[in-house]
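Fold and geometry: a report
One letter stands for each residue in the lines below.
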Amino acid sequence: MSASETLRQVVSGTRRAGVEDPKRLLLLQARETISRRVGRVESSSGDTIQPPTVDPNPLEHLAPYVQAAALKYTSVLPEFLHHLQSSNGTLPLAALPEMLTWAVSQNYDVRPVLGATGTWLAGQNSAWWQFSPEHETPARLIAAYGNETPANRKKHFRRLCVACLDAAHRHLAQVWSVEPADMRGALLQLAIESGPPYPEETVSLALADRTASIRQITQLALAQDEHHRFAQLIRQLAPTLIAENGEVKRSDPMDERWEELAIQAQSTGPNDVARAVISLCPPDLLGDHLELLAKCSPAIASGIRRSASVFRHPALLKHFAQEALKKGGSFMEWEQLPVKDVEELIRWAWDHLPPAKRFGPLVGVLEGSEIFSTEFSRWAIVEVRKSMGWHGPETAFWNQNSVALACRISPEAIPNALEMLNSSQADPRHPLLKSWFPLLTLRHHLLSPFVLRP
Amino acid sequence: MSPPAAPISPARVKRLARVGQGVEACRNWLLEIVQNGLASSSATDRSSYEAMAARLVDFQAPGLARMVRQLGEVLDSGAGWEARWLDAASLLILFLEAFDQRQSLDEARQEDIYRAVGFTTKKDDIPADSRIEDIWHVAMQKVFLEDRLTVQRSWIYGERCQRWLMHLSYKVAQQPFTPDLKVGRAIAGVVGVYPGALGMRGAILSLDEAEFQPPPSRSLAENLGRYAETVAKFPWLEVAPMALEVHGLEHLGGSWFVIDENGERMGITMREHAGWRTAALLALGPIQIYGEYNGDQLLGICAGHEGGFAIL
């Protein structure tokens, strides 16, 4: 009896099929099952994957650490990739899939460290095509764009921006009239995020389209080297803002572009006016008007604070950070500040605030992604240790921030941190230190070939 | 002629009688399903399998209970489950027959049957002549849940004895495995092989750190030849180790196939990214893939290559 006949009888029921001895039927099937299991081999179809032959990568032993970083501890990857690229190294072969996937999700250009195998691999899987010169040509992306869903059209356009920015701007102009407003805004944002130069046509389209945000327009305009014109505008705009308590009015003389800008600001409320003020105004002029604006309109002042973060305005952010430190309040935008400013402010707070409050600022800055300087890292480790007497892991500081500190101390300070941890006789299996050890060890392994001495 | 039976304790005699009752109940239950057909509600009702498994535990046959649960799990295995169910059911009925006729088997095969039913042997009771001192390379590992326990199944390869052994560790909740073997490490020590014709399960009796080397790999035909020898000893084998010398890969319709030096291929199941990782490693030349074969699919777990050893 064939296997399919047996199966048919068992599915419909051996009673109905008239099988008198179902046990025997099953035992015969067992023989079939066993013989099938030992013969599951067939001939190759000949369509074999052929990677380019390469020599072993001297960094192949880093593969497990790179995989762990790509899957769980991504904060250490930019630092590792920077060192890898600087030393003309390439990613370990065994970690390529995770790294390609991470790079796609972050839109991070890993091409310089892919090597021949990584570049070949990127071309094998459509999810990674943006890193394959063979597949990610502008013509292919533009051809594929029209057949995609809106979400995938955005992805294609992002890839197009990476592959060829000029082609992306040309494509933007072509699809501008046919895409809906939200898609136009999203595509414009992707083009802006890809950086200047912005062709005049893109700027014109954005200014003529009321869906473009004030932020997008200012970003485009600022890149046109017209900063001085914005300074002129703010001089005209600021008195109006003060007089009208946040309401923007037409103010002559304004050319057409400024008029458009003011109308949009008026229609989108005080937060966008604040953004406009910050974006348009040179730092020296803004400082003069800041207090006056705050008195005039608390809404605009609050908007300025939020927008300082959005626009990464270092002077303004530093001003707000120091104000927050003096008042003992919190300041969340540390990572927007240059590292040297952060270090300067934290040292100031450490010296001037009472002991009970001095940890707050240090704790606050540990959430960021920048790496502190070696000098600051060593200073922080020594001061924390001196100040707290280091009573083991059961401190609020390590409880909340060990991971963050492990992330942000300079590579050269890693041995200091490890030494401190070891000298404390802390149990690495302690729940509070479980995440500290893997991360610090991971950084140690990943950076050892480049900047650390064994 | 049957081999002389070893003397067994009264407690074991009593338990074997209970197990015999469970075997009879299980056979009746299974044949009832086959007679009514897989389309019937009793065949596709998972609670029916759970109830039978619970009865078998009461009959002191936890190993048999596990086989019944696994048969029930086939119901949720997706398209084509009927054929897989038939395969599993046929092996289950074969096992029930083997238990009934165990007296006709040699002592070693009886031991395998008893262990599969759920009889255990203490580590300390492993005979002295079944203890092997060697350097054991941990080349594969799989961690999975079974009932409320986390199971770590490691495959270790003896450098001098050239044998693959399976080592099982269990843990509850967040407790560590003891010993906690790591893939890509080696141990120098004594491993006791549990009695039986299969001789595949080992217990680590002493261990020291040693230098790891990827175990030797072979062609598909050689691997399947070894698998056939093992299945001949114990047809209910769940998984067996395979160490394949891989010269190429095929990726067809979303499925992966490994190609050996003879141009023969076998389907391989790998975790996400593992197929592409294997493809990248082939840039270095032929690689070794270590995995578990369950008679239907090869599960790729690790790869050895020039310059290292990678978990897939």
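Residues numbered from 1 in each chain as written. Chains lettered and ligands numbered in written order. Predicted model: local features only at pLDDT ≥ 70, side-chain atom pairs only at ≥ 80, totals over all residues.

1. Describing the overall build of chain A
The helix and strand tally for chain A stands at 25 helices and 1 strand. Looking at chain A as a whole, 36% of its 454 residues are labelled buried. In chain A, once contacts between residues fewer than 6 apart in sequence are set aside, the share between residues at least 24 apart is 67%. (Helix = DSSP H or I, 4+ residues; strand = E, 2+ residues; numbered from the N terminus. Buried ≥ 20, exposed ≤ 12 C-beta atoms within 10 Å, placed from the backbone. Contact = placed C-beta atoms within 7 Å.)

2. A word on the nonpolar core
For soluble globular proteins, nonpolar side chains are generally found buried alongside one another. Counting residues in hydrophobic clusters, the biggest one holds 95 residues, and the most contacted among them are Val66(A) and Leu281(B). Those residues in contact with Leu281(B) that sit more than four places away from it in its chain are Leu93(A), Ala94(A), Ile287(B), Ala303(B), His305(B) and Ala310(B). Counting residues in hydrophobic clusters, the runner-up holds 40 residues, among them Leu30(B), Ile33(B), Ala61(B) and Met67(B). (Core = buried A, V, L, I, M, F, W, Y, C linked by C-beta atoms within 7 Å.)

3. Let's talk about the environment of Ser217(B)
For Ser217(B), the position within the fold is in the loop between β6 (208–210) and α7 (220–233). If we skip the residues at most four places from it in the chain, Ser217(B) touches Ala243(B), Leu244(B), Glu245(B) and Gln288(B).

4. Notes on the confidence of the model for chain A
Residue and element names in this part refer to chain A. Summary statistics for chain A give a mean pLDDT of 73 and a share of 60% for residues scoring 70 or more. Looking across chain A, the model is least confident in helix α15 (residues 256–268), with a mean pLDDT of 44, and most confident in helix α7 (residues 115–122), with 95. Note on residues 389–400: pLDDT under 50 across the span, and 17 contacts to partners over four residues away in sequence or across chains. (pLDDT = per-residue confidence, 0-100.)

5. Structural notes on the interface of chain B and chain A
Between chain B and chain A, the contact holds 49 residues from the first and 45 residues from the second. When residues of the side of chain B that touches chain A are traced back to their parent elements, those giving at least two are α1 (10–36), α5 (81–100), α7, β8 (248–252), β10 (264–269), α8 (274–281) and β13 (308–311) of chain B. It is α5(B) that provides the largest number of residues to the side of chain B that touches chain A, a total of 10 residues. Its residues placed into classes, the side of chain B that touches chain A shows 29 nonpolar, 12 polar and 8 charged. Direction of pairing for strand β1 (residues 42–43) of chain A relative to β10(B): antiparallel, over a ladder of 2 bridges. Bridge assignment links Ser43(A) to a residue of β10(B), and that residue is Glu264(B). (Nonpolar A, V, L, I, M, F, W, Y, C, P; charged D, E, K, R; others polar. Pairing = 2+ DSSP bridges.)

6. Let's talk about the environment of Ile311(B)
Residues and elements named next belong to chain B. Structurally, Ile 311 can be placed in strand β13. The spatial distance from the C-alpha of Ile 311 to the C-alpha of Ala 116 is 30 Å, given a sequence separation of 195 residues. Beyond its immediate sequence surroundings of up to four residues, Ile 311 is in contact with Val 183 and Cys 302.

7. A few points about the pairing of strand β3 (residues 164–171) of chain B
Residue and element names in this part refer to chain B. Of the strand pairs in this sheet, strand β2 (residues 149–158) and β3 are connected by 8 bridges, and their pairing is antiparallel. Residue pairing across strands places Thr 150 opposite Lys 171, the latter belonging to β3. In textbook terms, the turn of a hairpin is the stretch between consecutive antiparallel strands, and for β2 and β3 this stretch comprises 5 residues, one of which, Gln 162, has a positive phi near 55 degrees.

8. What to know about the packing of helix α9 (residues 150–163) of chain A against helix α11 (residues 181–193) of chain A
Residue and element names in this part refer to chain A. For the pair α9 and α11, the least separation of the axes is 10 Å and the interaxial angle reads 20 degrees. Looking at the two axes, α9 sits roughly parallel to α11. Judged by the twist between their axes, the crossing of α9 over α11 is right-handed. Counted together, Pro 150, Lys 154, Phe 157, Arg 158 and Cys 161 of α9 and Met 183, Ala 186, Leu 187, Leu 190 and Ala 191 of α11 form the full contact between these two elements. Each residue belonging to the contact of α9 with α11 can be placed in one class, and the counts come to 8 nonpolar, no polar and 2 charged. (Axes fitted to C-alpha atoms, helices over the stretch in contact; angles between N-to-C directions. Parallel < 35°, antiparallel > 145°, perpendicular 65-115°, else oblique. Left-handed = near helix turned anticlockwise from the far one by under 90°.)

9. Side note on the pairing of β10(B)
All names here are of chain B. In this sheet, β10 lies alongside strand β9 (residues 255–259) in antiparallel orientation, the contact comprising 4 bridges. Within β10, the position partnered with Trp 256 by the bridge is Ile 268. From the end of β9 to the start of β10, which pair antiparallel, there are 4 residues, and Gly 263 there has a positive phi angle of about 75 degrees.

10. Regarding the packing of helix α3 (residues 22–37) of chain A against α5(B)
Between two packed helices, the angle of one axis relative to the other and the distance separating the axes together describe the packing. Taken N-terminus to C-terminus, the directions of α3(A) and α5(B) make an angle of 110 degrees; their axes are 8 Å apart at the nearest point. By the angle between their directions, the pair α3(A) and α5(B) is classed as roughly perpendicular. Contacts between α3(A) and α5(B) pair Lys23(A), Leu26(A), Leu27(A), Gln29(A), Ala30(A) and Thr33(A) from the former with Leu86(B), Asp87(B), Ala89(B), Ser90(B), Leu91(B), Ile93(B), Leu94(B) and Glu97(B) from the latter. For the contact of α3(A) with α5(B), a count of residues per class yields 8 nonpolar, 3 polar and 3 charged.

11. Comments concerning α5(B)
Over its 20 residues, α5(B) runs 29 Å from end to end, which matches the ideal 28 Å to within 8%, given 1.5 Å per residue. For α5(B), the buried fraction is high: 14 of the 20 residues fall into the buried class. (Expected span 1.5 Å × (residues − 1).)

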